[in-house]
Amino acid sequence: MQRRIPLIIVLLTGIFGAVAFFVPYPAIRNADEIMRNDVQRIITAFSLVLGVGSIVQHHLLKIRRKAQFWPYSYITIVALVITAIIGVFGGIDVTRPGVLPTRVGNFSFHIQTIYSNMMVPLAATMFSLLAFFMSSAAYRAFRARNLEATLLLLAAFILMLGAVPLGRFIHHRLPAFAEWILAVPNTASKRGILFGVELGIFATSLKIILGIERGWLGGGGK
Amino acid sequence: MGRATLYVPGLSSMADVATIASLNILGEVAKKTAQFGTPLIVPTSDPIVYTVAREVVKESYTAAGRPDAFHQDIVFFVTDQQFAFAAAVDGIMTREKPATNFLIGMFWAESLILAETGAATGAIQIAGTDAIAQLPFFITACDYTLIGEELYAASAYISREPVLLGAIKAQDYAKALITIIIVAFSLIALGLNLPVLKWL
């Protein structure tokens, strides 16, 4: 029964989702919208409690066991608690303060201020690391160790030359050739992968809806 | 010996089929780590994925005959913020130095950040995604990459279940059929001088 109920829910919602896509009847479309937006949002809101519980449990366990680098766990817990208190009691908007004052003189510690001045710059810093990782990855990829790597290097070299004014000076048809590499062989291989992906998604979805694939239930095929 | 295995099931939710396929593979990976007594680390970026992944790992440890080896700390939720998650996983990679990194599921711009950090720590890396834009990064930085549909075939291939393997065979037949249809209709269009020629 523990397995049968989730399987029945998946079967019914899966079939309903597929039917709603093809049936233009307003009542079915509305029900589908409610399922996709409202029901999903409610489930996500509840699951967030599980997520927060997991973070707290994970880090408290680390602190209790004095695991490797356990002092970092204090930082996570303290940051989580402070941010949650400010977020819950400090009001949603800077112009509409909550029960907790979020400004001391000119210093603001409103949730929006914390987000804009801490989360956004930190995320941007991580994102900017991508530039350095790209150069190290490109160095590794462009070492002509075998035929595939040599082809990759050659294609990248032509594309880079085609994208800069120097390429036109070398040969007037080089930019067009670079464009052709992007538009024809590149698109063809991408579409080939896409065909496989779409068929894979279709087959996996069917297997899940019909209860053939049960790995997500935690019990493999049994 | 004794170093951990890190498994990242992507950054998407359970609504993504790639995440479900990844969790199927996680089940098989967890069985192996349970058998060999290897520590497993599974950070997740979605609370629902966290719940499902925890159940999958728990069941796998039980199926492998090692329910005692499972503990709540194996699977944990980190954050749903893309780069905060990347920073946390990078931290795990550099601190814990796992011997194997699995990056299987749906990834976006953080794919190369994770894969390059993993490569720098010297871990064997196995990646898999159906996000075409991220595939070149994984192919470059990882030792093995499951490309596109291989992600969906992998769990069936590892489990060796006849019904699931049969579905893969059916997919291959469907692909062959689609290829034949595309080629045949392209030839017919060219032969009959259909308006499609005006676009060429």
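All values reported here derive from a predicted model rather than from experimental measurement. Position numbers for residues start from 1 in each chain and track the written sequence from start to end. To read the labels, note that chains go from A and ligands from 1, taken in the order they are written. In keeping with the model being predicted, local features are shown solely for residues with a pLDDT of at least 70 and side-chain atom pairs are shown and tallied solely at 80 or more, while totals for entire chains, interfaces and linings include all residues. Note that the side-chain values use all heavy atoms of the structure and ignore hydrogens as well as water.

A.B. asks: Honestly, the nonpolar core in this entry has me stumped. Any pointers?
C.D. replies: Nonpolar side chains in soluble globular proteins tend to be buried together. Buried Ala, Val, Leu, Ile, Met, Phe, Trp, Tyr and Cys residues that are joined via side-chain atoms within 4.5 Å together make up what is termed a nonpolar core. The buried label goes to any residue with under 20% of its type's maximum accessible area, the exposed label to any with over 50%, and the partly exposed label to all in between, with areas taken from a 1.4 Å probe on protein chains only. Core analysis: the largest hydrophobic core is formed by 36 residues, its most contacted members being Y7, L26, L40, V57, Y61 and I74 of chain B. Counting from the N terminus, the helices are DSSP H or I runs at least four residues long and the strands are E runs at least two residues long. Contributions of two or more residues to this core are made by α7 (174–209) of chain A together with α1 (17–36), β2 (40–44), α2 (47–63), β3 (75–77), β4 (100–104) and α6 (150–159) of chain B. With 10 residues, α1 of chain B is the largest single contributor of residues to this core. Here, residues are in contact when the closest pair of their heavy atoms is within 4.5 Å. Not counting residues up to four positions away in its chain, the partners in contact with V57 of chain B are L26, A30, L40, F70, I74 and V75 of chain B. Among the nonpolar cores identified, the runner-up in size contains 27 residues, and L130 of chain A together with A4, L6 and V78 of chain B belong to it.

A.B. asks: Would you mind showing me how to read the packing of α1 of chain B against α2 of chain B here?
C.D. replies: When two helices pack together, their arrangement is captured by the angle between the axes and the distance separating the axes. All names here are of chain B. Orientation is described by axes fitted as lines to C-alpha atoms, over the contacting stretch for helices, and by angles from 0 to 180 degrees between their N-to-C directions. Where α1 contacts α2, the axes come no closer than 8 Å and their chain directions differ by 35 degrees. For the pair α1 and α2, the sense of crossing is right-handed. For the pair α1 and α2, the contacting residues are T19, L23, L26, G27, A30, K31, T33 and A34 in the first and V49, V52, A53, V56, V57, S60, Y61 and A63 in the second. Three classes are used: nonpolar for Ala, Val, Leu, Ile, Met, Phe, Trp, Tyr, Cys and Pro, charged for Asp, Glu, Lys and Arg, and polar for all others, with Gly counted as polar. Taken together, the residues of the contact of α1 with α2 sort by class into 11 nonpolar, four polar and one charged. Each helix crossing is assigned a hand: it is left-handed if the near helix lies turned anticlockwise from the far helix by less than a right angle, otherwise right-handed if that turn is clockwise.

A.B. asks: Explain the sheet that holds strand β6 (residues 144–147) of chain B here, please?
C.D. replies: Either a parallel or an antiparallel arrangement is found when strands of a sheet pair, and the pairing is made through backbone hydrogen bonds. Residue and element names in this part refer to chain B. Spatial strand order, β3-β2-β1-β4-β5-β6: six strands in an open sheet with parallel pairing. At either margin of the open sheet sits one strand with a lone partner, and together these are β3 and β6. Each adjacent strand pair in this sheet contributes to an overall mean axis angle of 15 degrees, direction not counted. Here β2 runs beside β3; their pairing, made up of three bridges, is parallel. Paired with T44 across the bridge in β3 is F77. Against the sheet, helix α4 (residues 110–120) makes contact with β4 and β5 (124–129), and its axis sits at roughly 165 degrees relative to β5, the strand it touches most. Pairing between two strands requires that DSSP report at least two bridges joining them.

A.B. asks: Quick question: what am I supposed to make of empty space enclosed by the protein here?
C.D. replies: Over the atoms rolls a probe the size of a water molecule, and its path tells where empty space is left. Of the grid points, spaced at 1 Å and generated over the protein atoms alone, those admitting a 1.4 Å probe that cannot get out make up cavities, while open sets with protein on both sides within 12 Å along at least five of seven lines make up pockets; any residue with an atom within 4 Å of a point is treated as lining. Grid points are joined across faces, edges and corners, and a volume is the space filled by probe spheres set on the points. With the rule as written, the count across this model stands at one cavity of 30 Å³ or more. Roughly 40 Å³ of internal volume is contained in the largest cavity. If you trace the largest cavity, you find it lined by S54, Q57, H58 and L61 of chain A together with Q72, D73, V75 and F76 of chain B. Elements with a minimum of two residues in the lining of the largest cavity: α2 (26–65) of chain A together with β3 of chain B. Here the lining of the largest cavity takes four residues from α2 of chain A, the largest share from any one element. Taken together, the residues of the lining of the largest cavity sort by class into three nonpolar, four polar and one charged.

A.B. asks: Whenever I open this one, the interface of chain A and chain B confuses me. Can you help?
C.D. replies: Many structure descriptions define interface size as the accessible area lost when the parts assemble. The partner chain B presents 50 residues to the 51 residues of chain A that form the contact. Salt-bridge detection follows one rule: a side-chain nitrogen of Lys or Arg within 4 Å of a carboxyl oxygen of Asp or Glu. Ionic pairing is found between R65 of chain A and D73 of chain B, a salt bridge with its closest N-O pair at 3.7 Å. Counting of polar contacts relies on pairs of N or O atoms within 3.5 Å, with two restrictions inside protein: one atom must be capable of donating a hydrogen and the other of accepting it, and residues adjacent in sequence are counted only when both atoms are side-chain atoms. Across the chain A-chain B interface, the total number found is five residue pairs in polar contact (both at pLDDT 80 or more). Counting residues per element, the side of chain A that touches chain B draws most heavily on α7 of chain A, which supplies 14 residues.

A.B. asks: Any chance you could explain the domain arrangement of chain B here in plain terms?
C.D. replies: All names here are of chain B. One can read the domain layout of chain B as domain 1 (5–159) and domain 2 (161–200). Once you take the C-alpha centre of each, domain 1 and domain 2 turn out to be 34 Å apart. With five residues of domain 1 in contact, the opposing surface of domain 2 contributes six residues. When two parts are brought into contact, each loses some accessible area as probed by a 1.4 Å sphere; the total of that loss over both is the buried area. Counting each side, the surface lost to burial between domain 1 and domain 2 is near 500 Å², with a carbon and sulfur contribution of 54%. When the area that domain 1 buries against domain 2 is broken down by residue, the three leading residues are E149, A156 and S159, summing to 75%. In this structure, the connection of domain 1 to domain 2 is made through one salt bridge. Salt-bridge contacts for E149 lead to K175; the nearest nitrogen and oxygen are separated by 2.2 Å. Linking domain 1 with domain 2 are one residue pair in polar contact (both at pLDDT 80 or more), by the criterion used here. Segmentation into domains, and thus their bounds, comes from an automatic or database assignment.

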